[in-house]
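# Reading the structure
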Amino acid sequence: MTQSGIKEIQVLGSAGKRRSLAILGVLGFVIVWTMLSILNVVPRLLLPSPWRVILAIGDIGFALLVHVGATVVRVFVGFLLGSALGVGVGVWMQYDRRVFALLDGVVDTWRPVPPVALVPFFILWFGFAEVGKILLVTLGTGLVVTVAVVEAMERIPAGVVRWGLVTGVRRRHLFRLVLLPAAMPELRSGFRIALAIAVTLVVVSEFMGATYGLGYLINVSKVTLSTATILLGIIIIGLVSWTLDRVLRYGFDRACAWDIRAKGAIR
Amino acid sequence: MVKYAAVWQSPESTMTGAREKTLRSESGIFLENVGFAYGDSKVLEGITFYVPKGQVWALVGRSGSGKTTLIHIIAGLFRPLTGEVGISGREGMGPGRIRGVVFQEDSLLGWLSVEENVMFPRHRRPTPELRRTAQDMLTAVGLGDSLSRHPFELSAGMQKRLEFARALVGDDEYILADEPFGTVDALTRRDLWRLWFDLRSQRPRTGILATHDPEEAVRLCDAVIVLQRGAPGHVAKVFQIPGGVHQLDVSREGMELLELKEEIIESLAE
């Protein structure tokens with residue numbers, strides 16, 4: 001088992017101190033923001049104070065929950081479909097090199113294109129229908145996950161694969177029993193990036209046309225210049241992605257505890 | 001994964017009926033004129049030897065002589081470019097024909113516990129019998145207290161013990177070990193040598209131990225194959241060890257063995 005060794009040079013401090021610093025970071029941000037607004041460094045209309053943002057919650061009322069719910073469901077469904085697609089295609093590309101030859105060029109030329117650029121087409125094809133939004137997210141995350149899976153599988157130690165073969169496991173079972181679990185730790189960052197992309201794409205697609213969702217909320221508030229509501233939307237998007245990312249990280253931490261502990265990383 | 005694209009496809013038998021008959025009647029490990037190349041560079045040529053049932057032969061050679069490649073060929077992971085490999089009288093067959101392989105490189109499944117590693121690939125739904133066999137085997141190698149630990153929690157010596165346990169847990173009498181004692185300290189190596197004898201005395205094992213250490217070869221094995229480096233690697237000499245299988249003991253010593261060791265070193269240097 002290899003050791004990452006990064007912990008040998010990390011400056012640690014105490015666990016308690018690290019926790020207080022984490023709170024201080026967020027608090028400091030809010031304080032700077034409040035100061036800028038209250039002292040009128042930035043005009044209040046351009047940067048509403050935290051208090052105004054909290055008041056905006058009351059103004060929107062129950063509808064806010066619907067907006068949040070719509071966005072979360074879109075991110076969730078799109079990300080799940082995209083992940084399934086990415087894992088499926090990635091594994092298939094590694095299982096059959098003919099499929100790799102066929103798809104590698106396509107995947108590699110599409111990957112650097114920001115999926116946001118595809119939005120006009122999706123509106124042309126699907127209008128404002130839900131299918132278009134979900135498909136956009138599925139495609140955007142699917143590409144990232146595909147590349148992550150293809151790369152992660154190439155980094156599996158040869159001995160692990162050989163042992164799988166020697167035990168007489170059939171090739172198609174080898175993926176489930178050996179290759180996917182072995183590749184899991186390497187997939188973590190790819191999945192986290194894919195999740196961030198999923199959130200971005202949902203918000204952008206809500207900008208372009210929707211009747212609910214945080215992106216929609218921000219977009220209509222732009223027209224009425226309700227900057228407090230815009231800021232509220234932004235903050236909630238941040239909280240939503242943070243929460244989903246936490247869930248994802250927790251899942252990976254559970255599934256890959258063996259690797260994290262083997263590398264001795266501090267989390 | 002690219003490297004494994006050439007997973008064994010059962011070669012059509014090129015053997016004549018008579019030869020096939022002799023091969024089938026033999027048990028043990030049989031190599032005839034085996035050659036191998038990575039791309040254009042030949043690494044092995046004309047490898048021919050026969051390890052009889054119940055004997056373990058050492059494969060000695062300097063690094064780069066093709067020991068590991070040969071082990072992989074016998075394990076069925078690589079298909080030989082030329083020649084035949086016969087195990088238990090059957091030739092051909094892909095990986096899976098010998099489970100008893102101890103690799104030189106890291107190959108423990110880190111996400112599984114010690115016990116699950118031994119029961120793999122039936123670790124998800126093990127029969128009570130399989131579980132008992134696994135536990136007995138782990139106790140035999142001294143890991144009886146570590147069933148639910150994970151490989152990264154074990155020392156290098158314990159990891160090697162686990163590799164032996166999972167390799168030999170089946171009914172497989174065959175063992176292929178690639179430098180299994182190369183990465184541990186001198187004292188642990190002594191312990192593992194003793195384990196090696198224990199495992200062999202529990203039931204007869206037929207196999208090959210690849211090592212660069214002539215001392216290990218003369219102490220642990222019944223015969224020594226010297227693999228000569230060079231383009232390509234080939235068998236330079238085969239030494240039978242006096243006493244052979246009847247003299248299985250870590251402490252086996254004596255002038256004869258010392259002389260043999262010197263001879264092996266000389267033939268390596270040639």
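Residues numbered from 1 in each chain as written. Chains lettered and ligands numbered in written order. Predicted model: local features only at pLDDT ≥ 70, side-chain atom pairs only at ≥ 80, totals over all residues.

Another point: the overall build of chain B. Along the backbone of chain B there are eight helices and 10 strands. Buried residues in chain B amount to 39% of all 270 residues. Of the contacts made within chain B by residues no fewer than 6 positions apart, 71% connect residues no fewer than 24 positions apart. (Helix = DSSP H or I, 4+ residues; strand = E, 2+ residues; numbered from the N terminus. Buried ≥ 20, exposed ≤ 12 C-beta atoms within 10 Å, placed from the backbone. Contact = placed C-beta atoms within 7 Å.)

Residues and elements named next belong to chain B. Residues at a pLDDT of 70 or more form 83% of chain B, whose mean pLDDT is 80. Ignoring residues within four places in sequence, the model shows residues 1-18, a span with pLDDT below 50, making 23 contacts including any to other chains. Listed scores for the predicted complex are pTM 0.80 and ipTM 0.83. (pLDDT = per-residue confidence, 0-100.)

Time to look at the interface of chain A and chain B. Of the residues lining the interface, 24 residues belong to chain A; the matching set on chain B comes to 24 residues. Looking at the side of chain A that touches chain B, the elements that each hand over two or more residues are helix H6 (130-154), helix H7 (158-166), helix H8 (171-208) and helix H11 (257-263) of chain A. Here the side of chain A that touches chain B takes eight residues from H7(A), the largest share from any one element. Considering only residue class, the side of chain A that touches chain B consists of 14 nonpolar, four polar and six charged. (Nonpolar A, V, L, I, M, F, W, Y, C, P; charged D, E, K, R; others polar.)

Attention now goes to the environment of Tyr216(A). Residue and element names in this part refer to chain A. The topology assignment puts Tyr216 in helix H9 (residues 214-223). Residue Tyr216 is classed as buried on the basis of its 21 C-beta neighbours within 10 Å. When the C-alpha positions of Tyr216 and Val204 are compared, they lie 8.9 Å apart, and in sequence the two are 12 residues distant. If we skip the residues at most four places from it in the chain, Tyr216 touches His67, Glu206, Ala210 and Thr211.

Residue and element names in this part refer to chain A. Domains assigned within chain A are domain 1 (1-47) and domain 2 (49-263). Once you take the C-alpha centre of each, domain 1 and domain 2 turn out to be 26 Å apart. Facing the 10 residues of domain 1 at the interface are five residues of domain 2. Tallied by class, the residues present in the side of domain 1 that touches domain 2 amount to six nonpolar, four polar and no charged. (Domains from an automatic or database assignment.)

In the segment running from Phe120(B) into Pro121(B), the intervening peptide bond is cis, with an omega of 5 degrees. Within the element layout of this structure, Pro121(B) appears in the loop between helix H3 (114-119) and helix H4 (128-140). If you check the backbone angles, Leu225(A) has positive phi at about 60 degrees while not being a glycine. Inspection of the secondary structure puts Leu225(A) in the loop between H9 and helix H10 (227-255). Under the C-beta neighbour-count criterion, Leu225(A) is labelled exposed, with 10 such atoms within 10 Å. Phi angles above zero are rare outside glycine, and Glu179(B) is one such case at about 50 degrees. Considering the arrangement of structural elements, one finds Glu179(B) in the loop between strand S7 (174-178) and helix H6 (186-202).

Next up on the list: the packing of helix H3 (residues 63-95) of chain A against H6(A). All names here are of chain A. At their nearest, the axes of H3 and H6 sit 6 Å apart, and the two run at 40 degrees to each other. Taken as a pair, H3 and H6 cross one another with a handedness that is right-handed. Looking at the contact of H3 with H6, its residues break down into 15 nonpolar, 11 polar and two charged. (Axes fitted to C-alpha atoms, helices over the stretch in contact; angles between N-to-C directions. Left-handed = near helix turned anticlockwise from the far one by under 90°.)

Counting 118 residues, the largest nonpolar core has Ala198(A), Ala58(B), Leu59(B), Ala165(B), Leu176(B), Ile208(B) and Val224(B) as its most contacted members. The dominant element in this core, judged by the number of residues it contributes, is H8(A), at 16 residues. (Core = buried A, V, L, I, M, F, W, Y, C linked by C-beta atoms within 7 Å.)

Once that is clear, we can look at the pairing of strand S3 (residues 56-60) of chain B. On a regular strand, each side chain points to the face opposite its neighbour's, so the side chains alternate between the two faces of the sheet. Residue and element names in this part refer to chain B. For S3, the buried fraction is high: five of the five residues fall into the buried class. Where burial is concerned, the two faces of S3 agree: the one with Val56, Ala58 and Val60 and the one with Trp57 and Leu59 are both buried. With four bridges joining them, S3 and strand S9 (residues 223-228) adopt parallel strand pairing. What sits directly across from Trp57, in S9, is Ala223. (Pairing = 2+ DSSP bridges.)

With that out of the way, let us pick up H9(A). All names here are of chain A. For H9, the complete set of buried residues consists of Leu214, Gly215, Tyr216, Leu217 and Ile218. Packing partners of the buried residues in H9 comprise H3, H8 and H10. Count one or two residues on from H9 and you reach Leu225, which has phi positive near 60 degrees.

This brings us to the confidence of the model for chain A. Per-residue pLDDT for chain A has a mean of 89; in total, 97% of the residues score no lower than 70. By mean pLDDT, the top-scoring element of chain A is H3(A) (95), and the lowest-scoring one is H11(A) (79).

Looking now at the pairing of strand S1 (residues 28-38) of chain B. Residue and element names in this part refer to chain B. Of the strand pairs in this sheet, S1 and strand S2 (residues 41-52) are connected by eight bridges, and their pairing is antiparallel. Note that in S2 the partner of Ile29 across the bridge is Val51. Count of turn residues in the S1/S2 antiparallel hairpin: two residues, of which Gly39 carries a positive phi of about 65 degrees.

The mixed open sheet is built from six strands, whose spatial order is S6-S7-S8-S3-S9-S10 (chain B). On the outer flanks of this sheet lie strand S6 (101-102) and strand S10 (234-240) of chain B, each paired with one strand and no other.

Moving on, we get to the packing of helix H5 (residues 156-168) of chain B against H6(B). Residue and element names in this part refer to chain B. Viewed as axis vectors pointing N to C, H5 and H6 meet at an angle of 15 degrees, and their least axial separation amounts to 10 Å. One way to sum up the angle between H5 and H6 is to call them roughly parallel. Between H5 and H6 lies a crossing whose hand is right-handed. Note on element contacts: H6 touches H5 through Thr188, Asp191, Leu192, Leu195 and Leu199, opposite Gly157, Lys160, Arg161, Phe164 and Leu168. Among the residues forming the contact of H5 with H6, the class breakdown is five nonpolar, two polar and three charged. (Parallel < 35°, antiparallel > 145°, perpendicular 65-115°, else oblique.)

Residue and element names in this part refer to chain B. The end-to-end C-alpha distance of H5, which contains 13 residues, comes to 19 Å, matching closely the 18 Å that a straight helix rising 1.5 Å per residue would cover. The element H5 is largely enclosed, with a buried count of 10 among its 13 residues. Within H5, burial applies to Gln159, Lys160, Arg161, Leu162, Glu163, Phe164, Ala165, Arg166, Ala167 and Leu168. Contact partners of the buried residues in H5: S6, H3, H4, S7 and H6. (Expected span 1.5 Å × (residues − 1).)

So, on to the environment of Thr109(A). All names here are of chain A. Tracing the chain through its elements places Thr109 in helix H4 (residues 97-110). On the basis of neighbour counts, which here come to 9 C-beta atoms within 10 Å, the residue Thr109 falls in the exposed class. Placed 91 residues apart in sequence, Thr109 and Thr200 show a C-alpha to C-alpha distance of 21 Å.

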